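# Descriptive analysis of the structure
Okay, here's what each chain looks like letter by letter:
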Amino acid sequence: MDKLSFRPFHPDDLSACAKFAADAWPAVSVLVPGQDVVKLMHGYVELARLPSTWLEVACVSGRTVGLLFGRVNSNCTPASELRMLFSSLGLGCKAIRGQYGRLQKPLTLLRKGVATGALVKRHSPEADAVVELFVVDSEHSGRGIGRALMDRFVTAAKRKGARVIALHTDQSCNWRFYEKYGFKRRSAFTEIVSSYLEGQNVEGYIYVIETDDLTVGLERR
Ligand SMILES: CC(C)(COP(=O)(O)OP(=O)(O)OC[C@H]1O[C@@H](n2cnc3c(N)ncnc32)[C@H](O)[C@@H]1OP(=O)(O)O)[C@@H](O)C(=O)NCCC(=O)NCCS
């Protein structure tokens, strides 16, 4: 494989990230029929960025091919939480102005999104860190890039004192990666937003890993 490198996410990465997120989740196209899904996914990547304190991309020969956004609670401060609140309002305004496309039934989506958020909260354990968004360009998947991105996040979170890392995923995602990596499934439930997008019942999952049980990343070498 050409040279693999990692660096912090930069706003210039947004288009590449939105493109491979759109490829990974084609069902989102029902939200913007006849429109550019990549534009919608710009908003999705921006949304995942808001709560994240770890924003990293993987590059192959300088080209952005993957990302992992995560949140490490010990890195959060009242100021960062306030910034997140203001940024959320800004994102909401951009969405209302149509910057991410004209959403089909936006209020239905909002209602289902809020219900999903509540369900995820109810099923999630107390965690010190959370994976918010994790995608590798399908052209580059299966070559160890996802594992390397996860190793780097888990190592950084562990160094910051995180003992429990959790994430929410569902059947429309590559949840098997997490099992292979060592995450354990904590609970399963009907995923409201994904079931709406896919037009069929989709199971949602909460996965958890305890860093004390794990030798990862830099420590494994
Ligand atoms: C999840 C994802 C980021 C993994 O990235 P990747 O670069 O393809 O993964 P890797 O090549 O690093 O795989 C790491 C290991 O997991 C294994 N693995 C990955 N997907 C697997 C699957 N579906 N079933 C079984 N094992 C799998 C690989 O074989 C590899 O095993 P190894 O280390 O023993 O060789 C990528 O598949 C992806 O972007 N999927 C679409 C978006 C998504 O579902 N994101 C996560 C859920 S929110």
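Everything below is about the structure shown above.
To start, this report covers the structure provided alongside it. This is a predicted model, so every value here is computed, not measured.

On the surface, a nonpolar cluster with roughly 440 Å² of combined accessible area is contributed by Leu82, Leu85, Phe86 and Leu89. Here Leu85 is to be found in helix H3 (residues 78-96).

A few words now on the sheet that holds strand S1 (residues 4-8). Pairing is mixed in the open sheet, where 7 strands are placed in the order S1-S2-S3-S4-S5-S7-S6. Here the strands that pair on one side only, and so sit at the sheet edges, are S1 and strand S6 (184-190). Strand-to-strand, the axes of this sheet are offset by a mean angle of 25 degrees, without reference to chain direction. Relative to strand S2 (residues 54-60), S1 runs antiparallel, the two sharing 5 bridges. When the bridges of S2 are listed, Arg7 appears paired with Val57. Set on the sheet, helix H1 (residues 14-24) makes contact with S2, strand S3 (63-72) and strand S4 (129-136); between it and S3 the angle comes to about 85 degrees.

Before going further, it helps to spend a moment on unusual backbone geometry. Located in the positive-phi region is Ser61, a residue other than glycine, with phi close to 50 degrees. Here Ser61 lies in the loop between S2 and S3. Within the chain, Lys105 stands out as a residue other than glycine whose phi angle is a positive 45 degrees. Looking at where Lys105 falls in the secondary structure, it is placed in the loop between H3 and helix H4 (106-123).

Moving on, we get to the nonpolar core. Residues Val131, Phe134, Met150, Ile165, Tyr178, Tyr181 and Phe183 are the most contacted members of the largest nonpolar core, which totals 27 residues. Those elements that provide at least two residues to this core are S2, S3, S4, helix H5 (145-159), strand S5 (164-170), helix H6 (175-181) and strand S7 (203-210). For this core, the leading source of residues is H5, giving 6 residues. Setting aside residues up to four positions removed in sequence, Phe134 forms contacts with Trp25, Leu67, Leu68, Gly146, Leu149, Met150, Phe177 and Tyr178.

Moving on: the pairing of S2. Along S2, 5 of the 7 residues are buried, which leaves the element largely enclosed by surrounding structure. The pairing of S2 with S3 spans 7 bridges and is classified as antiparallel. Across the sheet, the residue bridging to Val57 is Leu67, located in S3. In sequence, S2 turns back onto S3 through a hairpin of 2 residues, with Ser61 there showing a positive phi of about 50 degrees.

What follows concerns the environment of Asp36. With respect to the element layout, Asp36 can be found in the loop between H1 and helix H2 (37-49). Taking the C-alpha atoms as reference points, Asp36 and Arg102, separated by 66 residues in sequence, lie 9.9 Å from one another. Polar side-chain contacts of Asp36 include one of 3.0 Å to the backbone nitrogen of Val38.

The tally for this structure, following the rule as stated, stands at 10 salt bridges. Residue Arg163 is joined to Asp212 by a salt bridge in which the shortest nitrogen-to-oxygen separation is 2.5 Å. One end of the pair, Arg163, is in the loop between H5 and S5; the other, Asp212, is in the loop between S7 and helix H8 (217-220), with 49 residues separating them in the sequence.

Close contacts around the ligand come from 19 residues, with Phe134, Val136, Gly146, Arg147 and Asn174 the closest. Separating an oxygen atom of the ligand from a backbone N or O atom of Arg143 is a distance of 3.2 Å. Taking Gly146, its main chain carries an N or O atom lying 2.8 Å from an oxygen atom of the ligand. Coverage of the ligand by the protein amounts to 71% of the 930 Å² it exposes when considered alone. Elements represented by at least two residues in the shell around the ligand include exactly S4, H5 and H6.

Another point: H3. Between its first and last C-alpha, H3 extends 27 Å over 19 residues, near the 27 Å set by a 1.5 Å rise per residue. Where H3 terminates, the next one or two residues include Gly98, which has phi positive at roughly 90 degrees.

Scoring rules and cut-offs
- Residues numbered from 1 in each chain as written.
- Predicted model: local features only at pLDDT ≥ 70, side-chain atom pairs only at ≥ 80, totals over all residues.
- Heavy atoms only, no water.
- Patch = residues over 30% accessible without salt bridge, like charges linked within 9 Å, V, L, I, M, F, W, Y side chains within 5 Å.
- Areas by Shrake-Rupley, 256 points an atom, 1.4 Å probe, with all protein chains shown as cover.
- Salt bridge = Lys/Arg side-chain N within 4 Å of Asp/Glu carboxyl O.
- Helix = DSSP H or I, 4+ residues; strand = E, 2+ residues; numbered from the N terminus.
- Pairing = 2+ DSSP bridges.
- Axes fitted to C-alpha atoms, helices over the stretch in contact; angles between N-to-C directions.
- Contact = heavy atoms within 4.5 Å.
- Core = buried A, V, L, I, M, F, W, Y, C linked by side-chain atoms within 4.5 Å.
- Buried < 20%, exposed > 50% of the residue type's maximum accessible area, 1.4 Å probe, protein only.
- Polar contact = N/O pair within 3.5 Å; in protein donor to acceptor, adjacent residues only side chain to side chain.
- Near = heavy atom within 4 Å.
- Expected span 1.5 Å × (residues − 1).

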